[in-house]
Amino acid sequence: MADEKVMDNTVVYDDEALAAEYKAKRQMQIEEDLKKPFDPECVLEVRHLRKTFPLKKTITGKVTKELVAVDDVSFKLHAGETLGIVGESGCGKTTTGRAILKLHQPSAGQIIFNGQDITNFNSKQMREIRKEMQIIFQDPYSSLPPRDTVGGLLSEPVQVHKIVPKNQVKNYVLELMDKCGLRDYYFERYPHEFSGGQRQRICIARALSVNPKLVICDEPVSALDVSIQAQIINLLKKLQREMNLAYVFISHDLSVVKFISDKILVMYLGAVMEFGTKEDIFQNPMHPYTKALFSAVPNPDPTVKMERIKLEGDIPSPANPPKGCRFHTRCPYATEKCKHVTPEYREHTPGHYAACHLLEQE
């Protein structure tokens, strides 16, 4: 390789040349992938999604330093499927979900929804399809307007998007409330009168009031008690079967993700470390980061001894990510190559992708 030299039996890496080579190779791959035809069977297809936020600008407005929150995320999602996105806090899970909904404008890549490339849609164009893609927020306490009744906040999106005629709105909302496990006399009550689990049911009802095809679930159960979590997850699965919904389920709770997901995407510092079916990820995790996450999950069987993989240190700043593999600063198996060369994200077994130099040596 032209960008590495051997001196006294030691490999010396040229970081700048390696970074330029990786960038050029990745750009070629991105350009090739963006030209491919859309998959007509997918509800959502994300290609090389990237989202950055400016940190420093010149007087003329030119960005001189940026934070890369999401870097090169790709996946496909069909109707009735659930994609679980997992990772530590600050890895870019929520930003990915918001960029898909265009609550954050993507910096690069493609978002194909229902066969349409919506990446560059303006707010007026997005309004036409907004009812088909919805979000359930993490905090049911702050995501509901306190001055509106349950009936009012569920009726508003139905009226705005003209889901049913005006004289049928109340009956439609009452049916929706019943479907989400809410009593009809809650119609005139205010959000502060409900518990956390009831409020999250209201948030779910609000998201489903416009008959969406895609729902982004942004850690919808993390603020709830364990017993209530199970009720909400079962409700989401029931509604998915009845309405053939596609979910993007964002969470850091692996047991919840295992229960609800069909595919799993593991993120670290804005990048995808591993992607595959639920069976692939849980039965045969490939990336050291995925293995470390699983080793932290407690096992209820006292006879089973778990070998805990401890990760030293904190997640590096996305404003100044490490060179080479992003995980090498905390990886217990990192080699000198990991510190300088960015691993290729590729398919190792059918449908199972990972980015790790250790896998290339096997």
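Residues numbered from 1 in each chain as written. Predicted model: local features only at pLDDT ≥ 70, side-chain atom pairs only at ≥ 80, totals over all residues. Heavy atoms only, no water.

**Student:** Describe in detail the nonpolar core, supporting the description with residues and values.
**Tutor:** When a protein is soluble and globular, its nonpolar side chains tend to lie buried together. Within the largest apolar cluster, 54 residues are counted, with the highest numbers of intra-cluster contacts made by Ile136, Met177, Ile204, Leu236 and Phe249. Looking at this core element by element, the count peaks at six residues for helix H6 (residues 196-208). Filtering out sequence-adjacent residues up to four positions away, Ile136 remains in contact with Gln200, Cys203, Ile204, Ala207, Val215, Ile216, Cys217, Asp218, Pro220 and Leu236. Grouped together as the second largest cluster of nonpolar side chains are 32 residues, Leu44, Leu83, Ile111 and Ile118 included. (Core = buried A, V, L, I, M, F, W, Y, C linked by side-chain atoms within 4.5 Å. Buried < 20%, exposed > 50% of the residue type's maximum accessible area, 1.4 Å probe, protein only. Helix = DSSP H or I, 4+ residues; strand = E, 2+ residues; numbered from the N terminus. Contact = heavy atoms within 4.5 Å.)

**Student:** Let's hear about helix H10 (residues 288-295): which residues, and what values?
**Tutor:** Taken across its eight residues, H10 has seven buried, putting it largely inside the fold. Those residues of H10 not exposed but buried are Pro288, Tyr289, Thr290, Ala292, Leu293, Phe294 and Ser295.

**Student:** So, the pattern of salt bridges: which residues are in play, and what are the values?
**Tutor:** In total, this model carries twelve salt bridges according to the counting rule given. Between Lys76 and Asp39 there is a salt bridge, with its nearest N and O atoms 3.5 Å apart. Placement of the pair is Lys76 in strand E4 (residues 63-78) and Asp39 in the loop between helix H1 (15-34) and strand E3 (42-57), with a sequence separation of 37 residues. With a closest N to O distance of 3.3 Å, Glu81 and Lys263 form a salt bridge. Taken together, the residues Glu81 in the loop between E4 and strand E5 (82-86) and Lys263 in strand E11 (residues 263-268) connect sequence positions 182 residues apart. An identical accessibility class is assigned to Glu81 and Lys263; each is buried. (Salt bridge = Lys/Arg side-chain N within 4 Å of Asp/Glu carboxyl O.)

**Student:** Pulling in residues and values, what's your account of the sheet that holds strand E12 (residues 271-277)?
**Tutor:** Taken in spatial order, the eight strands line up as E8-E9-E10-E5-E11-E12-E14-E13 in an open sheet, and their pairing is mixed. Both outer strands of the open sheet, strand E8 (133-136) and strand E13 (345-349), are each paired with one neighbouring strand and no more. Shown here is a sheet whose adjacent strand axes are inclined to one another by a mean of 20 degrees, direction ignored. With four bridges joining them, E5 and strand E10 (residues 246-250) adopt parallel strand pairing. Considered in E10, the bridge of Gly84 is made with Phe249. Sitting on the sheet, H6 is in contact with E8 and strand E9 (214-218), with an inclination near 175 degrees to E8. (Pairing = 2+ DSSP bridges. Axes fitted to C-alpha atoms, helices over the stretch in contact; angles between N-to-C directions.)

**Student:** Summarise the pairing of E12; cite the residues concerned and give the values.
**Tutor:** Of all seven residues in E12, six are buried, a share of seventy percent or more. For E11 and E12, the ladder comprises six bridges, and the chain directions are antiparallel. Within E12, the position partnered with Tyr268 by the bridge is Ala271. Taking the residues that link successive antiparallel strands as the turn, the E11-E12 hairpin has two residues, and the phi of Leu269 there is positive, at about 55 degrees. Where E12 meets strand E14 (residues 352-355), two bridges bridge the pair, whose relative direction is antiparallel.

**Student:** Account for helix H2 (residues 93-100), naming residues and giving values.
**Tutor:** Of all eight residues in H2, six are buried, a share of seventy percent or more. Buried residues of H2: Lys93, Thr95, Thr96, Gly97, Ala99 and Ile100, and no others. Looking one or two residues beyond H2, the residue adopting positive phi is Lys102, at roughly 65 degrees.

**Student:** Before we move on, can you summarise the sheet that holds strand E7 (residues 116-117) with the specific residues and values?
**Tutor:** Spatial ordering of the open sheet is given by E4-E3-E6-E7, a layout of four strands whose pairing is antiparallel. Each having just a single partner strand, E4 and E7 make up the two edges of the open sheet. As judged from the two bridges shared by strand E6 (residues 108-113) and E7, these two strands associate in the antiparallel manner. Bridged to Ile112 within E7 is Asp117.

**Student:** Can you explain the pairing of E5? Please cite residues and give values.
**Tutor:** Along a regular strand, successive side chains alternate from one face of the sheet to the other. Within E5, five of the five residues are buried, leaving the element largely enclosed by the surrounding structure. Side chains of E5 alternate between two faces, with Thr82, Gly84 and Val86 and Leu83 and Ile85 buried alike. Pairing geometry for E5 and E11, over four bridges, is parallel. Within E11, the position partnered with Leu83 by the bridge is Lys263.

**Student:** Could you give an account of the packing of helix H4 (residues 150-160) against helix H5 (residues 169-179), naming the residues involved and the relevant values?
**Tutor:** Taken N-terminus to C-terminus, the directions of H4 and H5 make an angle of 115 degrees; their axes are 10 Å apart at the nearest point. Considering the angle they form, H4 stands roughly perpendicular to H5. The two elements H4 and H5 meet at a crossing, and its hand is right-handed. Here Val150, Leu154, Ser155, Val158 and Gln159 of H4 lie close against H5, whose contacting residues are Val169, Tyr172, Val173 and Met177. Of the residues in the contact of H4 with H5, the class split is seven nonpolar, two polar and no charged. (Parallel < 35°, antiparallel > 145°, perpendicular 65-115°, else oblique. Left-handed = near helix turned anticlockwise from the far one by under 90°. Nonpolar A, V, L, I, M, F, W, Y, C, P; charged D, E, K, R; others polar.)

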